[in-house]
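As a plain string of letters, each chain reads:
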Amino acid sequence: MGFNFKTIDTEIANSLPKGLRSNEALHDPFEWYHNKRNTAPVQYDPSRGVYDVFSYELVKKSLQDGENLVRPELTQEEIDDPLSYFDAGMVWSNGSDHKQVKGEMFQYFTPRILNGIEESILSITKAQLDTAMSDTNEFDFVEDFAVPIPLRVIMDFIGIPQADHERLLQWLETFRSVMTSEDSDEMSLTEGHMTGAAQYFENIVAERRANPQNDLISQLVTETTLTPKQIGSNCFDFALAGQGTMSELLTNALYILDQQSSISEFEDHDLSVLLEEVLRYRSPLQARARRAASQIKLGKSTIPVDSTVILWIGAANRDPDQFTDPDSFNPHRDPNHLAFGSGSHNCIGAPIARLEAPIILQTLFDRLARLDIDYERVVPKPKASKLGFDRMPVQIVEK
Ligand code: HEM
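Residues numbered from 1 in each chain as written. Predicted model: local features only at pLDDT ≥ 70, side-chain atom pairs only at ≥ 80, totals over all residues. Heavy atoms only, no water.

- The protein appears in an unreviewed UniProt entry as Cytochrome P450 from Haloquadratum walsbyi J07HQW2.

## Here's the deal with the site of the ligand
Piece 1. Around the ligand, 29 residues are found, and the nearest of them are His 98, Lys 102, Arg 290, His 345 and Cys 347.
Piece 2. Contact distances for the ligand include 3.3 Å between an oxygen atom and a backbone N or O atom of Met 90.
Piece 3. Measuring from an oxygen atom of the ligand, one finds a side-chain N or O atom of Arg 290 at 2.7 Å.
Piece 4. When each cavity is represented as a set of grid points, the ligand is found to reside in the largest cavity.
Piece 5. Considering every element that reaches the shell around the ligand, the biggest residue donor is helix 13 (residues 228–259), with five residues.
Piece 6. Grouping the amino acids of the shell around the ligand by side-chain chemistry returns 17 nonpolar, eight polar and four charged. (Near = heavy atom within 4 Å. Polar contact = N/O pair within 3.5 Å; in protein donor to acceptor, adjacent residues only side chain to side chain. 1 Å grid on protein atoms, 1.4 Å probe; cavity = no way out; pocket = protein on both sides within 12 Å on 5 of 7 lines; lining within 4 Å. Sits in = over half its atoms within 2 Å of the grid points. Helix = DSSP H or I, 4+ residues; strand = E, 2+ residues; numbered from the N terminus. Nonpolar A, V, L, I, M, F, W, Y, C, P; charged D, E, K, R; others polar.)

## Describing the side chain of Asp 45
Piece 1. Residue placement: Asp 45 occurs in strand 1 (residues 42–45).
Piece 2. Within the local environment of Asp 45, its side chain forms a polar contact with the side chain of Arg 48, the two groups lying 2.7 Å apart.

## What to know about the coordination of the iron atom of the ligand
Six octahedral donors around a metal ideally subtend angles of 90 or 180 degrees, whereas four tetrahedral donors ideally subtend 109.5 degrees.
Piece 1. A lone protein donor contacts the iron atom of the ligand, and this donor is Cys 347 (SG), found at 2.3 Å.
Piece 2. Within the secondary structure layout, Cys 347 lies in the loop between helix 15 (313–316) and helix 16 (350–367). (Donors = N, O, S within 2.8 Å, 3.2 Å for Na, K, Ca; no water.)

## Here we look at the packing of aromatic side chains
What describes a pair of aromatic rings is the distance from one ring centre to the other and the angle between the planes of the rings.
Piece 1. Within the structure shown, the criterion is met by 19 aromatic pairs.
Piece 2. With a centroid separation of 5.9 Å and 55 degrees between ring planes, the pair formed by Trp 32 and Tyr 33 is classed as tilted.
Piece 3. Residue Trp 32 is classed as buried on the basis of its relative accessible area of 14%.
Piece 4. Owing to a relative accessible area of 1%, Tyr 33 belongs among the buried residues under this scheme.
Piece 5. Here Tyr 255 and Phe 389 contribute two aromatic rings whose centre-to-centre distance is 5.0 Å and whose plane-to-plane angle is 55 degrees, an arrangement assigned as tilted. Residue Tyr 255 is found in helix 13, and its partner Phe 389 is found in strand 11 (residues 389–391); the two are separated by 134 residues along the sequence.
Piece 6. According to the relative accessible area criterion, Tyr 255 is buried, its value standing at 9%.
Piece 7. Here a set of aromatic residues connected by ring pairs shows up, and it is made of Tyr 85, Phe 86, Trp 171, Tyr 200, Phe 201 and Phe 236.
Piece 8. A cation over an aromatic ring shows up here: Arg 71 above the ring of Trp 92, its NZ or CZ 5.0 Å from the ring centre.
Piece 9. The ring of Tyr 281 is capped by Arg 318, whose NZ or CZ atom sits 3.9 Å from the centre of that ring. (Phe/Tyr/Trp six-rings, centres within 6.5 Å; stacked < 30°, edge-to-face > 60°. Buried < 20%, exposed > 50% of the residue type's maximum accessible area, 1.4 Å probe, protein only. Lys NZ or Arg CZ within 6 Å of the ring centre and 35° of its normal.)

## Comments concerning the layout of surface pockets
Piece 1. By volume, the largest pocket is sized at about 890 Å³.
Piece 2. Along its surface, the largest pocket is lined by 36 residues, and Val 147, Glu 173, Arg 176, Lys 381 and Asp 390 are the ones closest to its centre.
Piece 3. Those elements that place two or more of their residues in the lining of the largest pocket are helix 7 (118–132), helix 8 (142–146), helix 9 (148–158), helix 10 (165–178), helix 13 and strand 11.
Piece 4. With six residues, helix 10 is the single largest residue contributor to the lining of the largest pocket. (Points joined across faces, edges and corners; volume = space filled by probe spheres on them.)

## Concerning the pairing of strand 5 (residues 287–292)
Piece 1. In terms of burial, strand 5 is largely enclosed, as five of its six residues are buried.
Piece 2. Here strand 3 (residues 69–70) pairs with strand 5 via two bridges, running antiparallel. Counterpart to Val 70 in the pairing with strand 5 is Arg 291. (Pairing = 2+ DSSP bridges.)

## Concerning the packing of helix 9 against helix 16
Piece 1. Across the interface, helix 9 lies against helix 16 with an axial gap of 11 Å and an inter-helix angle of 135 degrees. With respect to each other, helix 9 and helix 16 are oriented oblique. For the pair helix 9 and helix 16, the sense of crossing is right-handed. For the pair helix 9 and helix 16, contact is made by Ile 149, Pro 150, Val 153, Ile 154 and Phe 157 and by Ile 352, Glu 356 and Ile 360, respectively. (Axes fitted to C-alpha atoms, helices over the stretch in contact; angles between N-to-C directions. Parallel < 35°, antiparallel > 145°, perpendicular 65-115°, else oblique. Left-handed = near helix turned anticlockwise from the far one by under 90°. Contact = heavy atoms within 4.5 Å.)

## A look at the sheet that holds strand 1
Piece 1. With mixed pairing, five strands are arranged side by side in an open sheet as 1-2-8-5-3. Of all the strands in the sheet, just strand 1 and strand 3 have a single pairing partner and so form its edges.

## Observations regarding the state of the cysteines
Piece 1. Tallying each qualifying case throughout the model produces zero disulfides.
Piece 2. Cys 235 takes part in no disulfide bond, and the closest cysteine sulfur, belonging to Cys 347, lies 15 Å away. (Disulfide = S-S within 2.5 Å.)

## Side note on empty space enclosed by the protein
Piece 1. Counted according to the given criterion, the structure contains three cavities of 30 Å³ or more.
Piece 2. In this structure, the largest cavity encloses a volume near 1000 Å³.
Piece 3. Lining the largest cavity are 49 residues, and of these Val 91, Ala 241, Thr 245, Leu 285 and Arg 288 sit closest to its centre.
Piece 4. Of all the secondary-structure elements, those providing two or more residues to the lining of the largest cavity are helix 5 (95–106), helix 9, helix 10, helix 13, strand 5 and helix 16.
Piece 5. Looking at which element gives the most residues to the lining of the largest cavity, the answer is helix 13, with 11 residues.
Piece 6. Grouping the constituent residues of the lining of the largest cavity by class yields 25 nonpolar, 14 polar and 10 charged.

## Some words on the nonpolar core
Piece 1. Membership of the largest hydrophobic core comes to 92 residues, with the highest contact counts inside it found for Phe 141, Phe 238 and Met 392.
Piece 2. A per-element tally of this core places helix 13 first, with 14 residues.
Piece 3. If we skip the residues at most four places from it in the chain, Phe 238 touches Met 90, Met 105, Phe 109, Ile 154, Ile 158, Leu 216, Gln 243 and Ile 348. (Core = buried A, V, L, I, M, F, W, Y, C linked by side-chain atoms within 4.5 Å.)

Shown next, in the form of structure tokens:
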């Protein structure tokens, strides 16, 4: 298939496992996963200085061992710079701090509370489709659909005014483009990158405290014991963790359905169940990092204290010991996948994703008689820790 692969930056390529240093392998890493898992489910990679874990059993066990395998801290110590503002995010914290924040946040992410955002997801999707299809029968499924809709949904939920969405997206992209820590031992983000974002969240939390509105920031400020920094940094994380993954889920879903020639037949399936298989088959987050807080035994390997451990969720989700015929896409499988993680750091936004994705795709399919992907111009994402697409031009015919 003639994809338009982006060139991988040499520095980034060197931070990747040797078997994934080509665009083709990054787009389709599953053979590499199988080879690695068959050799040994836990392996040390001297070129990246990390331990890689590939089997479902050990990836799940590691995700659930929050005591010995902790999230790497964002900054190394408590220093007074703008980047350390984001340390308080759940994604980067561990132990009792993490437990307290997640405990207080949890109540705002239950399906019952979230039912209220269904209407807004629907109207955001319809409005964005109108924009994407105005005067044209072609648009970029990523830039014109899969990125802006989840961005707007999560920003509205948090309470970021629409005029600031574009600015937020820039910060999210900067943060992601300089973070390599999810697939290597490196941490390349510096304080300068995030000065504006820290200031922005400090200001908006203070502003909502003075003048509460009908949004998550205001609820957290008025109803919880969380500090302004805990609220601001976690709201940044909600945007960070929620926006890209959702875009990847939607784009992977379209790609898989097209590959299975089933876009027109999707109505035969329960879309929610089908999307669970998309999450297993091409998981948006393929790898997550941990640091060994003590020496541990994982399978037959002994992992020294302070080692970086990379948990390959994407490999676990294709493990034949867990899933029959794992490389087949089975829309009825309803798999017990690890795409939302497991254990203490599991995805707090999973109920939003599970509510949002079927509404968005159903709204799209209801509107279209036909959709063709222009594969020559499709650009897969050149990353190991994320699986998705940077560009996917489509031609459409409306019903
Ligand atoms: C298809 C969409 C999504 C996927 C595949 C996904 C995946 C994941 C995974 C694998 C983790 C665990 C990370 C780890 O253990 O290191 C996680 C955590 C997290 N996700 Fe999601 N996520 C999605 C959507 C969302 C949304 C919509 C939000 C919005 C609130 C969100 C917010 C978070 C946060 C804050 C965490 C960190 C939780 C913690 O550290 O305790 N995610 N997500």
